[in-house]
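Now for the letters of each chain:
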Amino acid sequence: MIADLDTRKNQNIKNILQTTAEYAIRYLRDLDTRKVIPAQDAITNLTQLDEPLSYEPVDPELVLHKLDKIISPATMAIAGPRFFGFVNGGSLPVTIAANWLATAWDQDCGLYKITPATALLEQVALRWLLDVLRLPPDCAGAFVTGATMASFTALAAARHAVLKREGWNVDADGLFGAPPITVAVGEEVHPSVLKALGLLGLGRNRVVKVPVDTQGRMRPEAIPTLTLPAIICAQVGNVNTGACDPVAAICERARELGAWVHIDGAFGLWAGAAPSLAHLTAGIENADSWATDAHKWLNVPYDSGLAFVRDGNALRAAMAITADFLPTVTNQRNPSDYTPEFSRRARGVEVWAALRSLGRSGLADLIERTCCYARQFAKELQAAGYQILNDVVLNQVLVSFGSAETTLQIIAELQSEGTCWCGVTVWQGQTAMRISVSCWSTTDADVERSLEVMLRVAEKYCRGASQF
Ligand SMILES: *Cc1c(COP(=O)(O)O)cnc(C)c1O
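Keep in mind it's a predicted model, so treat the numbers as computed, not measured.

Definitions and limits used
Residues numbered from 1 in each chain as written. Predicted model: local features only at pLDDT ≥ 70, side-chain atom pairs only at ≥ 80, totals over all residues. Heavy atoms only, no water. Buried < 20%, exposed > 50% of the residue type's maximum accessible area, 1.4 Å probe, protein only. Helix = DSSP H or I, 4+ residues; strand = E, 2+ residues; numbered from the N terminus. Contact = heavy atoms within 4.5 Å. Pairing = 2+ DSSP bridges. Axes fitted to C-alpha atoms, helices over the stretch in contact; angles between N-to-C directions. Polar contact = N/O pair within 3.5 Å; in protein donor to acceptor, adjacent residues only side chain to side chain. Salt bridge = Lys/Arg side-chain N within 4 Å of Asp/Glu carboxyl O. Near = heavy atom within 4 Å. Areas by Shrake-Rupley, 256 points an atom, 1.4 Å probe, with all protein chains shown as cover. Nonpolar A, V, L, I, M, F, W, Y, C, P; charged D, E, K, R; others polar. Domains from an automatic or database assignment. Buried area = accessible area lost by both parts, 1.4 Å probe. Patch = residues over 30% accessible without salt bridge, like charges linked within 9 Å, V, L, I, M, F, W, Y side chains within 5 Å. UniProt positions renumbered as here; feature names shortened; annotations may be inferred.

## Some remarks on helix 8 (residues 191–199)
Along helix 8, the residues classified as buried are Ser192, Val193, Leu194, Ala196 and Leu197. Each element contacted by the buried residues of helix 8 is listed here: helix 6 (147–164), strand 2 (182–186), strand 4 (230–235) and strand 5 (260–264).

## Considering the sheet that holds strand 8 (residues 387–388)
Spatial ordering of the open sheet is given by 8-9-11-10, a layout of four strands whose pairing is antiparallel. Each having just a single partner strand, strand 8 and strand 10 (423–427) make up the two edges of the open sheet. Relative to strand 9 (residues 396–400), strand 8 runs antiparallel, the two being bridged by two bridges. Paired with Gln387 across the two strands is Ser400, which belongs to strand 9.

## Observations regarding the sheet that holds strand 7 (residues 305–309)
Spatially, the seven strands line up as an open sheet ordered 1-7-6-5-4-2-3, and their pairing is mixed. The open sheet is flanked by strand 1 (140–144) and strand 3 (208–210), the only strands paired with a single partner. Neighbour to neighbour, the strand axes of the sheet diverge by 20° on average, direction disregarded. Pairing analysis gives three bridges linking strand 2 to strand 3, with the strands arranged parallel. Counted as the bridge partner of Gly186 is Val210 from strand 3.

## Things to note about the side chain of Arg347
Turning to its location among the elements, Arg347 is positioned in the loop between helix 10 (312–319) and helix 11 (348–383). A residue is classified by how much of its surface remains accessible, and Arg347, at 4% relative accessible area, is buried. A polar contact is formed between the side chain of Arg347 and the backbone oxygen of Val144, at a distance of 3.3 Å. Of the polar contacts made by the side chain of Arg347, one reaches the backbone oxygen of Asp303; its length is 2.8 Å.

## Section: the pattern of salt bridges
Under the counting rule described, the total for this entry stands at 18 salt bridges. Note that Asp68 is salt-bridged to Arg26, the shortest N-O span being 3.1 Å. Here Asp68 is found in helix 3 (residues 60–71), whereas its partner Arg26 is found in helix 1 (residues 2–30), with 42 residues between them in sequence. When the shortest N-O distance is used, the salt bridge between Asp30 and Arg29 registers 4.0 Å. Residue class for Asp30 comes out partly exposed when judged on its relative accessible area of 29%.

## Details of the site of the ligand
As a structural note, the neighbourhood of the ligand is formed by 13 residues, with Thr148, Asp264, Asp293, His295 and Lys296 the closest of them. With respect to the ligand, the side chain of His295 contributes an N or O atom lying 2.9 Å from an oxygen atom. Taking 380 Å² as the accessible area of the ligand by itself, protein coverage stands at 83%. A class-by-class count of the residues in the shell around the ligand yields four nonpolar, six polar and three charged.

## Notes on the pairing of strand 10
Judged by which residues are buried, strand 10 turns out to be one-sided: Gly423, Thr425 and Trp427 face inward and are buried, whereas Val424 and Val426, on the alternate face, are not. Note: strand 10 against strand 11 (residues 430–436), five bridges, orientation antiparallel. The residue of strand 11 that forms the bridge with Thr425 is Ala432. Between the end of strand 10 and the start of strand 11, which pair antiparallel, lie two residues, with Gln428 showing a positive phi angle near 45°.

## Things to note about the domain arrangement of the protein chain
Domain assignment breaks the protein chain into domain 1 (2–30 + 38–73), domain 2 (97–354) and domain 3 (360–462). The C-alpha centroid of domain 3 is placed 30 Å from the C-alpha centroid of domain 2. On the side of domain 3, 24 residues touch domain 2, which itself brings 27 residues to the contact. With both chains or domains summed, domain 2 and domain 3 bury close to 2100 Å², and 60% of this area falls on carbon and sulfur atoms. The interface formed by domain 2 and domain 3 holds one salt bridge in total. One salt bridge in this structure joins Arg360 and Asp131, with 2.3 Å as the shortest N-O distance. Its residues assigned to classes, the side of domain 2 that touches domain 3 shows 13 nonpolar, ten polar and four charged.

## Some details on the pairing of strand 9
Summarising burial for strand 9: five of the five residues are buried, a large majority. Residues Gln396, Leu398 and Ser400 line one face of strand 9 and the alternating positions Val397 and Val399 line the opposite face, and both faces are buried. Across four bridges, the pairing between strand 9 and strand 11 is antiparallel. Counted as the bridge partner of Gln396 is Ser436 from strand 11.

## Section: a nonpolar patch on the surface
Among the surface-exposed residues, Leu49, Leu67 and Ile71 lie close enough to one another that they form a single nonpolar patch of about 230 Å² accessible area. Inspection of the secondary structure puts Leu49 in the loop between helix 2 (40–45) and helix 3.

## Some words on the UniProt feature "modified residue: N6-(pyridoxal phosphate)lysine" (unreviewed entry) in the protein chain
UniProt's feature table lists "modified residue: N6-(pyridoxal phosphate)lysine" (unreviewed entry) at Lys296, given in the numbering used throughout. As for its placement among the helices and strands, Lys296 is situated in the loop between strand 6 (289–293) and strand 7. The class of Lys296 is buried, set by a relative accessible area of 17%. Among all residues touching Lys296, those that are not within four sequence positions of it are Val87, Asn88, Gly89, Ala266, Phe267 and Ser438.

Written out as structure tokens, the structure is:
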């Protein structure tokens, strides 16, 4: 009887996982041929989800079937090779599979003593990351959900460290009565950094905004004298232009001033992993903390961000907790001493799998190849007479097709045509189409197909227009 139950349970697991693997395989295979936007009837069918919760249990296979039938066709093909809307990337197949296995393990990767295997794996991944991103090898690091939380985490350490120098323990005593911290950001700061500052009680609006150049780079000579304690938030990889702040000069200025330097390098930090692009992040090792995403250019599943902090004591002071019921370990890295989360999934598993399978050369190739496609988009669109608004230094291209109205019409038609998907932005007052190339699976053929449609649609709206 018990054996029988066992067999049934295991059979059930096998059926569910194998069927779901089939759904996933078919989904990923279809990404190449389907439209990037979801079909209208698939969106309409979503109303079928709007049902009352049944009292009786439902067979798990039916549950999964419903997910695949209703949701799969209604998704945006972000994971596919011709989604250029945001710096999204897809997931390398090895990372999807590693994610499944890690989910089966169901490790709560907060405490070394409970989950030593995944804790150690993350430690190895961290060491590799510091190496490929050209950061100091003794930095502390944290696996968090995204670059927003990575900046939050790193800036919590910054807040601790700069106030400690003033004799104030912010994590024990809070911000009331603490010496005010001056925070400087570039005028082109990503809004997520401002959000992180707000969450930390440093205020979204009480920042000093440093002027930027035409590409959105902070001008180091324009950084004013900052009253200490102070933090400067620089950026590597502007979401519009891809431009990188001159980090070496900013760090030098910060050193004169006595300020902490935090770098938001959500995608741009990965330039350091590609020999032909590493000059863009020169001097990066002189900052104090860094935030980046793995779910963007490293092409691992959501949600995966990374915070690095030179002063590990500051990060631990901000994050670690103790209690009698929590086992401690000496001489081992306790993951939750570094993250805002306590219980969490072992998201470093996918980072490890991506790095392990790509190797240094595969990672460099992924970064360089996508940048090369960005240059190809820029070159061919420019050759056809359209205006490229940015210096294409990384994987970002901003193109104007003329007036704002024409540009918006072309983007809308391209999006609904469905071969590829690009978004809208406004760069220094000019409406533009934004192309971000960051997916591992994008090929020459994808770029050619996309360009062919872009030029055809643009031609339709611009024919007869005399100039751009
Ligand atoms: C994407 C991005 C962020 C936010 O990252 P999340 O992973 O969405 O939290 C922050 N800064 C820059 C420059 C980005 O490109």
